[in-house]
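# Observations on the model geometry
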Amino acid sequence: MIKTMEFKLDTRLWSTKARNLTPYVPGEQPKHDNLCKLNTNENPFPPSPKVAEAIAEALVNQADQLRLYPAPESDELRQALAEAYGLNLNQVFVGNGSDEVLALVFASFFMKERPLLAPDISYSFYPVYAETFGVDLIKIPLSSDFSIETDDYRQPCSGIIIANPNAPTGILMSLEAIDKLTGEHPNAVVVIDEAYIDFADKEAVSAISLIDKHDNLLVTQTFSKSRSLAGLRVGMAFGDPSLIEALTRMKNSFNSYPLDRLAQAGALASVKDVSYFKDTCCKVIELREQLVKDLSELEFEVLPSQANFVFARPTQGNASEIAQDLREQGIIVRYFNQPRINDYLRITIGTAEQNQRLIEALKQIASV
Ligand SMILES: *Cc1c(COP(=O)(O)O)cnc(C)c1O
């Protein structure tokens, strides 16, 4: 029996900073059986079997090495990423999940006089980091169709951060728009958070292809979604060596060994298993297209998603109540009680069986 001590919160010993924080609230991770968890955009498929093999190898045959600190700059992993994306080693940075990479990005590039610009509807961690690091954040409204209008960003700033595809809308901004935006802000760091880019249609190209053209462009990605490794905590950033150097210095002023030996071994194996990665992304994309069809038939208005989730508005019934009804049936989706999006549900693409279970549940809810 694990006990939690009863206590009355006393913030007397806290710093002003700690007292004033409003932490990010992650999607819940409930622990009961037969739950259909479609709320945090995890991949429904397991990681490459090579990942487990590599971690087992590191654990069993090189157990003694766990005595030793891991490679501080994760050189082997970064080298593999550089090769996979056609970059140089010093254009690649890795961290303990892209959330940590983003924290270092805020500390390295946005703690300045000028404000940071971000879409009003986007990854809800950005405003949290802005507060943590004392960064003035100006939220630029998305257009009425939830797309990003680059002209709205023509104002003095320290940087711009955009998730592409955006979360929670799933809408993709074109490479041309990113190229233009980055070119218009030569003195600001433009960060494109590509947590979901691997689920975009084949014609879509990562903004990594623009790194050699713009020394102020930083692209972040993660192993959590497309590589099914949310539990391993590995994220990365790609950009000009000077930007990477700033991140490295910031990391070494905070935690010099963010990736443990097992994470480095597992992530490396994942990068090397290209065919498994591509197959999994294709499967998720196919399942998304099917789910969009099924939801549309149920009178949901679904935004055009290029991610592993859909953002859908029920035209019959109320989104918050539907989320509650689904929960009662063991299906969890994400609902944001926020202006402009409070009549939408964000639904992670599950396996064919999970998606089917969702559709059946929605039919049943509609018929009551
Ligand atoms: C999931 C997500 C992240 C964080 O990924 P981790 O690598 O798991 O920390 C970052 N940005 C966006 C937009 C995400 O959806």
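Everything that follows concerns the structure shown earlier in this document.
Below: a short report on this structure. (Residues numbered from 1 in each chain as written. Predicted model: local features only at pLDDT ≥ 70, side-chain atom pairs only at ≥ 80, totals over all residues. Heavy atoms only, no water.)

The subject of this paragraph is the overall build of the chain. In terms of regular secondary structure, the chain is built from 11 helices and 12 strands. Dimensions of the chain, computed from C-alpha atoms along their principal axes, come out at roughly 60 × 55 × 55 Å. Across the 368 residues in the chain, those meeting the buried criterion constitute 51%. Restricting to contacts in the chain with at least 6 residues of sequence separation, those with at least 24 account for 74%. About 18,000 Å² of surface is accessible on the chain, with carbon and sulfur atoms providing 52% of the total. In the chain, 35 positive and 49 negative side-chain charges are present, and the distance between their average locations comes to 5 Å. (Helix = DSSP H or I, 4+ residues; strand = E, 2+ residues; numbered from the N terminus. Buried < 20%, exposed > 50% of the residue type's maximum accessible area, 1.4 Å probe, protein only. Contact = heavy atoms within 4.5 Å. Areas by Shrake-Rupley, 256 points an atom, 1.4 Å probe, with all protein chains shown as cover. Lys, Arg positive; Asp, Glu negative; His and termini not counted. Charge placed at Lys NZ, Arg CZ, Asp CG, Glu CD.)

With that out of the way, let us pick up the site of the ligand. In the region of the ligand, the neighbouring residues are Gly 97, Ser 98, Asp 99, Tyr 123, Asp 193, Ala 195, Tyr 196, Thr 222, Ser 224, Lys 225 and Arg 233. One of the backbone nitrogen or oxygen atoms of Asp 99 is found 2.9 Å away from an oxygen atom of the ligand. Separating an oxygen atom of the ligand from a side-chain N or O atom of Arg 233 is a distance of 2.8 Å. When the ligand is considered free in solution it has 380 Å² of accessible area, and contact with the protein chains removes 93% of it. Looking at the shell around the ligand element by element, the count peaks at three residues for helix H4 (residues 97–110). (Near = heavy atom within 4 Å. Polar contact = N/O pair within 3.5 Å; in protein donor to acceptor, adjacent residues only side chain to side chain.)

Pro 165 follows Asn 164 through a cis peptide bond whose omega is -5°. Residue placement: Pro 165 occurs in the loop between strand E5 (159–163) and helix H6 (175–184). Cis peptide bonds are those with omega within 30 degrees of zero, and the linkage from Ala 167 to Pro 168 qualifies with 5°. Mapped onto the elements, Pro 168 comes out in the loop between E5 and H6. Despite not being glycine, Arg 233 has its phi angle at roughly 65°, a positive value. With respect to the helices and strands, Arg 233 occurs in the loop between strand E7 (217–222) and strand E8 (235–239). Classification of Arg 233 by relative accessible area gives partly exposed; the value is 27%. With a phi angle near 65°, Glu 299 is a residue other than glycine that sits in the positive phi range. With a relative accessible area of 43%, Glu 299 lands in the partly exposed category.

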